[in-house]
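So you can see what is in the structure, the chains are spelled out below.
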Amino acid sequence: MAYASDESMFEYLNVVSKMFDSEAEGYEFYNKYALEKGFSVRKSYVEWDGSNKYIILRKIVCSREGFREEKHMKRKMEDRKRRTRSLTRVGCNAKLVITRQEETGRWFVKDFIDEHSHPLAPWDLSCLLRSHRRISDEQKADIADMEKCGIRKYRIMDILCFQYGGFDKVGCIKRDIYNFCHANKQETISAGDANTVIMHMMARRERDVDFFFKYLVDEHGHLKGLFWADSQSRLDYEAFGDVIVFDSTYRTNRYNLPFVPFVGLNHHRSTVIFGCGIISHETSQAYEWMLRTFSDCVAQKHPISVITDGDLAMQRAIRVVWPDSNHGLCIWHIQQNIVRHLHDDDVKEEFRSFIYDTSFIEEHEIKWIQFLQRNKVTSEESWLHQMYQMRKLWCAPYLEGRCFLGLSSNQRSESLNSVLHTHLEGKMSLFEMLEHYERCLASRRINEALQDVEALQSVPFTEENASPLEKHAATVFTPSVFKMVLWSIDAVSKCQMREILDGSEDSTYVVSKQERMDKKFGVRIEEQGGLLHRRYRELRNCSHGASFKACHSDEDYHRLKMLLEAQHHGKQSSFEQADSKESTNAQHNSIRFGPLMPHSEKVDKVLDPVHVPGRGASKKRLQAKTKKSRSQNMCGYCKNPGHNRRKCAKLLEDLEAEL
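Overview of the structure.

About the cut-offs
- Residues numbered from 1 in each chain as written.
- Predicted model: local features only at pLDDT ≥ 70, side-chain atom pairs only at ≥ 80, totals over all residues.
- Heavy atoms only, no water.
- Helix = DSSP H or I, 4+ residues; strand = E, 2+ residues; numbered from the N terminus.
- Expected span 1.5 Å × (residues − 1).
- Buried < 20%, exposed > 50% of the residue type's maximum accessible area, 1.4 Å probe, protein only.
- Arc of directions from axis to C-beta.
- Contact = heavy atoms within 4.5 Å.
- Axes fitted to C-alpha atoms, helices over the stretch in contact; angles between N-to-C directions.
- Nonpolar A, V, L, I, M, F, W, Y, C, P; charged D, E, K, R; others polar.
- Pairing = 2+ DSSP bridges.
- Patch = residues over 30% accessible without salt bridge, like charges linked within 9 Å, V, L, I, M, F, W, Y side chains within 5 Å.
- Areas by Shrake-Rupley, 256 points an atom, 1.4 Å probe, with all protein chains shown as cover.
- Salt bridge = Lys/Arg side-chain N within 4 Å of Asp/Glu carboxyl O.
- Phe/Tyr/Trp six-rings, centres within 6.5 Å; stacked < 30°, edge-to-face > 60°.

We now examine helix α7 (residues 174–188). The end-to-end C-alpha separation of α7 is 21 Å, in line with the 21 Å expected for 15 residues at 1.5 Å each. When we look at burial in α7, the residues that qualify are Asp176, Ile177, Phe180 and Cys181. Seen from one end, α7 has its buried residues packed into an arc of 135°, which puts them on one side. Opposite the packed face of α7, turned more than 90 degrees from it, sit the exposed residues Arg175 and His182. Of the surrounding secondary structure, the elements contacted by the buried residues of α7 are α4 (137–148) and α5 (153–164).

Time to look at the packing of helix α8 (residues 193–207) against helix α18 (residues 430–457). Close contact between α8 and α18 brings their axes to 8 Å; oriented N to C, the two are set at 35°. Together, Asp193, Ala194, Thr196, Val197, His200, Met201 and Arg204 of α8 and Leu430, Phe431, Leu434 and Glu438 of α18 make up the contact between the two elements. Grouping the amino acids of the contact of α8 with α18 by side-chain chemistry returns 6 nonpolar, 2 polar and 3 charged.

Right, let's get into the pairing of strand β10 (residues 271–279). Within β10, 9 of the 9 residues are buried, which leaves the element mostly enclosed by the surrounding structure. As paired elements, strand β7 (residues 223–229) and β10 share 4 bridges and run antiparallel to each other. Paired with tryptophan 228 across the two strands is cysteine 276, which belongs to β10. In the sheet, strand β9 (residues 259–265) pairs with β10 via 7 bridges, with the strands oriented antiparallel. Each bridged residue has a counterpart across the sheet, and for glycine 264 the counterpart in β10 is valine 272. The hairpin turn running from β9 into β10, its antiparallel successor, is 5 residues long, and arginine 269 in that turn takes a positive phi close to 55°.

The next point concerns a nonpolar patch on the surface. On the surface, Met9, Tyr12 and Leu13 cluster together into a nonpolar patch covering about 290 Å² of accessible area. Within the secondary structure, leucine 13 sits in helix α1 (residues 2–16). For leucine 13, a relative accessible area of 46% corresponds to the partly exposed category.

Below, the discussion takes up the packing of aromatic side chains. Summed over all chains, the structure comprises 24 aromatic pairs. Geometrically, the ring pair formed by phenylalanine 227 and phenylalanine 294 is edge-to-face, given 5.7 Å between the ring centres and 85° between the ring planes. Taken together, the residues span a long stretch of sequence, with phenylalanine 227 in strand β7 and phenylalanine 294 in helix α10 (residues 284–297) at a distance of 67 residues. On the accessibility criterion, phenylalanine 227 (0% relative accessible area) is buried. Accessibility expressed as a relative area gives 0% for phenylalanine 294, which makes it buried. On the numbers, 5.3 Å between centres and 85° between planes, the contact of tryptophan 228 with tyrosine 437 is edge-to-face. Highlighted residues: tryptophan 228 in strand β7 and tyrosine 437 in helix α18, separated in sequence by 209 residues. Each member of the pair tryptophan 228 and tyrosine 437 is classed as buried.

Encoded structure:
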């Protein structure tokens, strides 16, 4: 006991004899002392000088000093929204009081008590007490960078423990990381969330002159619309912007604003992002502003086709802003609505068949009418009736021949957006959402670069007996697209011609797959001569009407006559005179006035018809001869008697090329 008493006395004298250059130095000394002993400290009472400019006394106490206030102890349980926290104050008297000398400005110990009324923490746990936990500046920088990369905060703590060799060496706990990240975000957007986003985009435009952004505010100055796209996204749209997929079903921010990404497919059939927008309300006016802004961003290049989630306001906006673009509904959303609105499994399967049914439109319409009558769908408010009204936006026969890059026939449209919606949270600020978007953008572009390297350094494998078409495709297409080419070649090999429907100006070839002979689709071939004859008839009818109207006025009569005579005698207008003389002569030499037949250099010489015998010949003999001739000339492709075998072969080649 004497030895311990001497040691305590020595320690006491060592503490009370200390002098400090500042209040902060005194606090750091006592906090370090508390770490070695196993308790935590906090700042308490303070005194100022007469002018309230300088602190002249500071009291630092054990963190378990004092007691919880009486008003918090007597609150009723029904008034409490949270569970009552555990008691931490037990009236400990340990303290260090330091005061400032007016003459020297240095601080000395005025009072020191080292008696605790609670157990002290062991050395391996004292580092976790409140006053001993802090995040260094270099740790703050690392944490901020890791959070920008999308690393979760609990993962950040694991990384720090690995880097420093244990939790006791890190100097903080997971809760401190959460608190720092929250405080850092609040400081970042201290000027306002929307204003911070606008300033960030202005800074981006200074670094990237082709960075595009535009925003819209209401009459009170609140942000109600925002769109942005960097230079690479604009270049990607120029190359791959034929088909756009976008929807606004995700409200992943604290303002509940729809987040609208514009995405598509690149040459690897991977996700490519063309831009992103935020709107305040899902109205047709808001979508019109978004689409017009997007059009301004991409130099008014409208997409060939657009795939959306079926929002009616979005449909109206597309018809107004992009009237010439094909519009299709996302099949993934339709599948979700089938589960939500239909409860009979047989009805579900029959409805799903309309999505991929490739029959003719007339046959498809008959199936629809029978389906609605069979299920007694009469109310225009029912979901089935509404989908019937929008059938031209999602049923296969109406989308036949339109460019959708295969996106309208599967769930690809949802998977395109899933990369953007991963880890999005409803409590995100606009600036956090912008950072998340930029992380996803960088990730997509890294993947594209890796795919470019793979396509550059390798060629897809082909068998030795592969067709020339397959071997050539392996050299010009990326590996992902080449797989689709192989699928198309295989699909063509399984097709069989059923019948030929000859028209006056075109022919329709009915084709079916061998394993699904009940499913038919038609390939219509229009001869070039028929097209030119139809143009001639249309121009002739127009000229008749114009001539009749012009003959009632001398001025109109002379003007129209002069124009027709100039065309008839080959006189050139001012813009036609720029063409060369050889080009003009070639045009005149190519003019024909009878039926225009298609020209081909590979057509075999065709002999004139055989003279038909007169009336004296036997009718039965003539029929027998005709039947024998037809059986000998039966086509080996379509089994059609008397049909041209060479023409069928050419048709299959064209069909293979189209598929």
